[in-house]
Every structure is written in C-alpha cells, then in structure tokens.
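Examination of the molecular architecture
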Amino acid sequence: MTIKITGTGIGLPKHHVTNQELAEVTGLDTSDEWISTMTGIKARYICDDETITDLATTAAIDALADAGTSATDIDYILCATIGGDTRTPALACAVAERIGVECAAADLSGACTGFLYALDIVSCLIQAGRASTVLLICAEKMSAHLDYTDRNTCVLFGDGAAAVVVTAGSALKYIHVTSHPDTQVLSLANRMTGNSPFTHHRDEVGFVHMEGQKVFRYAVTYMEREVVKALATLGLEPDDVDYYLVHQANRRIIESAISRLKLSPDKFPMNIDRYGNMSSVSIPVLLHEQLAAGAIKPGDTLVMCAFGAGMTYGSCVVEWE
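Computed from a predicted model, the values in this text were never measured in an experiment.

The rules behind the values
Per chain, residue numbering runs from 1 following the sequence as it is written. It should be noted that, the model being predicted, local features are given only for residues of pLDDT at least 70 and side-chain atom pairs only at 80 or more, the latter also being counted only at that level, while totals for whole chains, interfaces and linings use all residues. The side-chain numbers reported here are obtained from all heavy atoms of the structure, hydrogens and water having been left aside. Counting from the N terminus, the helices are the DSSP runs of H or I reaching at least four residues and the strands are the DSSP runs of E reaching at least two. Two things to know: the radius of gyration comes from C-alpha atoms, and the globule rule equals 2.2 Å times the number of residues to the power 0.38. Think of it in three bands: with a 1.4 Å probe and only protein chains considered, a residue is buried below 20% of the maximum accessible area for its type, exposed above 50%, and partly exposed in between. Here the accessible surface of atoms and residues is derived via Shrake-Rupley with a 1.4 Å probe, and residues count as covered only by protein chains that are part of the display. By the counting scheme adopted, Arg and Lys are positive, Glu and Asp are negative, and His together with the chain ends is not counted. By convention, charge coordinates are those of NZ in Lys, CZ in Arg, CG in Asp, or CD in Glu. Only heavy atoms matter for contacts: two residues are in contact if any of them lie within 4.5 Å across the pair. Buried Ala, Val, Leu, Ile, Met, Phe, Trp, Tyr and Cys residues form a nonpolar core when they are joined through side-chain atoms within 4.5 Å. Salt bridges are identified by distance alone: a Lys or Arg side-chain nitrogen within 4 Å of an Asp or Glu carboxyl oxygen. Contacts described as polar in this section are N or O atom pairs within 3.5 Å, which, within protein, must combine one atom able to donate a hydrogen with one able to accept it, while residues neighboring in sequence count only if both atoms come from side chains. Strands qualify as paired when DSSP identifies two bridges or more between them. Read the arc as the range of directions from the helix axis to the C-beta atoms.

1. Focus on the overall build of the protein chain
- Along the protein chain, the regular secondary structure elements total 10 helices and 13 strands.
- Relative to the globule expectation of 20 Å for 321 residues, the C-alpha radius of gyration of the protein chain, 19 Å, shows essentially globular dimensions.
- In terms of overall dimensions, the protein chain has a C-alpha envelope of 50 × 50 × 40 Å along the principal axes.
- Relative to its full complement of 321 residues, the protein chain shows a buried share of 53%.
- Of the roughly 13,800 Å² of accessible surface on the protein chain, 50% is carried by carbon and sulfur atoms.
- When the 23 basic and 39 acidic side-chain charges of the protein chain are each reduced to a single mean position, those positions are 5 Å apart.

The structure is reproduced here in structure tokens:
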C-alpha cells in the first residue's frame, strides 16, 4: 500500500497579467519579446485584492468536489507554501477554518519542491496509519515577495494555488526528496522586523534574490539526475514514461533537460507561458490541467520532478489510478 490522488483543484487570481502590461505598469526596460524569448513566459496571474487564503480555499473546495469527498472526511491538512497571510497561524489552519473542519493542520516550506516534499510526508502519514484522507495544498503569493524594479526576477513569478486529495492506494511507486544545501543562490530575506530592546540587529525588508545562471545549472543537473535515478530504481526506460510533469521555472531549463535525456518534447507538457513560475504550485496545476484535458489515463506512468531554493530537489513516479 502507498497512496493515490483522488481529486485535484486550483485557485487563481482574477488578474492575468501579460508581459506587455507588466512592462507598462512597472516601467521596466523589458518587453514581451525579451521575456518570452528568455523564459517562455507570456503571462502570469497576480493577486489584486485576493489573499493567499482565498486562493488556497478555492483550490481545496474544488479538489474535494473532484474527489467526491466531504470536508468532514479530512483528517489532515498540509500546506506547502513559503508563507501564508500570517506568519502564524498556519495557512493550513486558515483553510481549515474556512471549510469548517477540525483536524491536524500545518504548513511546510520546501520552496518550489514543496509539492514533492509534502507528498512524501503524506505518504508516510497514510502508510503509518496516522491519516486516511489528506488534503494537500500548495499556495504561493509570489507577487508579495518580488522587487518590481528588478526585471531579472519580477517577470518570472506568478500567484496561485492547487490542491489534491490523497488517500491510500498503490499509485505511488517511488519518491525521493533531498537537498544540496546552498542558501545564497536563491533566497528570500526575512521581512519580519521586530523591536526587541535586547538586539542590535534590525531585519531589512527583503525580496526574492536569485543568481540566474547558477540556478539554471543547478536545475538542469538536478532534473536529469533525479529522472535517471528514479527510472533506474524501477528498472524503467525513459520512453516507458507517458508524461514528465516537471517544475515550470523556465522553458529553457526544461528544454535543456529534454535534450540531455534525449526524449520527445511531447512527453513534457508545459504551461509556463500562461502561469510563469508559481513555485510549489506549478506541478499540481500542471497535473490538474492534464487530467481535465483527458491526457492522463489510468495506468499511465508519470514522473514528477522539481527543484527550488535551498537548493531542494526531488522526484516521484506514479502509475495513475
């Protein structure tokens, strides 16, 4: 026994911001051509008045409806996020309050690998008999953490949420998460400035910092390494996989990985053009869209792979039920 996903859902802001609008509103020296050529991104969703709790709750309700599961059946809510609307209580608690359930609720910070880290924990909970139905939510409001005077970062990210309902099953065949500790190449400084009279240090307002070339090299290396390791463990060939659902950070990163693995681009669905990089949310949104389109069918083999700040990375193999 491992686990299976029985329902998926997403929550998105109303405002879909094109590259042209972003350039016009921010006054940055950039263009749709530059952004789309360098990243593959054409637009992204950005919050106006929506909160991250709003997005996460919408995704959760949709996932429960898709699974045909009542909110009262949930016995654990786990949210992957770099930060909810409040530092405490957790975003998971805020969602639990919105949907009216009493259960264990906690957040996890795994950056862009958050979905896989959370899935690993959910698998352990269910296999240990500590939970039977888990609501796993990924939610990020990246726009709250970006410097909109920095064209190297603010053009990359988008806001959104996705959720999956997880129960016992036999779909998960392999999962591996780990890190190559590097806290400098991609980071978000602490924006909490206390006023304790016992410290001489005051935290400065921080934004996402990224060393693009290093992140690119990490990403391509880790993606190839994780896919090869996962397939070797299960005795699979690359072509045995129906779809590779990989973190949507940059089209050029994904294309480089495809080239290294010598695979058909048809096996790598992408939606980065419409969403940008949504951190932990990107893989579950991609999964939701592929299911909604009827592309994924029972028995299909899926490889999911992600990398993120930390540098965290990981992969899993699922035979869809």
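2. A look at the side chain of Thr-2
- Tracing the sequence through the fold places Thr-2 in strand β1 (residues 2–11).
- Ignoring any residue separated from it by four or fewer positions in sequence, one finds Thr-2 in contact with Ile-126, Gln-127, Thr-167, Ala-168, Gly-169, Ser-170, Ala-171 and Leu-172.

3. Things to note about the nonpolar core
- Phe-115, Leu-136, Val-166, Leu-245, Leu-287, Leu-302 and Met-304 are the most contacted members of the largest nonpolar core, which totals 42 residues.
- At 8 residues, the largest contribution of residues to this core is made by helix α5 (residues 114–127).
- Apart from the residues within four sequence positions on either side, Leu-245 is in contact with Pro-269, Ile-283, Leu-286, Leu-287, Gln-290, Ile-296, Leu-302, Val-303, Met-304 and Cys-305.
- Within the second largest apolar cluster, 26 residues are counted, among which are Tyr-174, Tyr-222, Leu-231 and Ile-258.

4. A word on the pattern of salt bridges
- Enumeration according to the criterion identifies 7 salt bridges in this entry.
- In this structure, Lys-14 and Asp-49 form a salt bridge, with 3.2 Å as the shortest nitrogen-oxygen distance. Of this pair, Lys-14 sits in the loop between β1 and β2 (16–18) while Asp-49 is found in the loop between β3 (43–45) and α3 (52–67), placing the two residues 35 residues apart along the sequence.
- Classification of Lys-14 by relative accessible area gives exposed; the value is 62%.
- Asp-49 sits in the exposed class, given a relative accessible area of 58%.
- Each of Lys-14, Asp-49 and Glu-50 takes part in a single network of salt bridges with overlapping partners.

5. Some remarks on the environment of Glu-289
- With respect to the element layout, Glu-289 can be found in helix α10 (residues 282–292).
- The buried category is assigned to Glu-289, whose relative accessible area is 19%.
- If we ignore the near neighbours within four places in the chain, the residues touching Glu-289 are Asn-271, Arg-274 and Tyr-275.
- A polar contact is formed between the side chain of Glu-289 and the side chain of Asn-271, at a distance of 3.2 Å.

6. Quick look at the pairing of strand β7 (residues 160–169)
- The buried fraction of β7 is high, at 9 of 10 residues.
- Both β1 and β7 contribute to a ladder of 9 bridges, which runs antiparallel. Residue pairing across strands places Lys-4 opposite Thr-167, the latter belonging to β7.
- Pairing analysis gives 7 bridges linking strand β6 (residues 134–140) to β7, with the strands arranged antiparallel. Its bridge partner being in β7, Glu-140 is matched across the sheet by Gly-160.

7. Observations regarding α10
- Burial runs high along α10: 9 of the 11 residues are buried.
- For α10, the set of buried residues is Ser-282, Ile-283, Pro-284, Val-285, Leu-286, Leu-287, His-288, Glu-289 and Gln-290.
- Positive phi appears at Gly-294, one or two residues downstream of α10, with a value of about 80 degrees.

8. Some points on helix α1 (residues 19–26)
- Those residues of α1 lying buried are Asn-19, Leu-22 and Ala-23. The arc enclosing the buried residues of α1, seen along the axis, measures out at 95 degrees, which places them on a common side. The exposed set on the far side of α1, more than 90 degrees from its buried face, consists of Gln-20, Glu-24 and Val-25.
- Downstream of α1 by one or two residues, Gly-27 has phi in the positive range, about 75 degrees.

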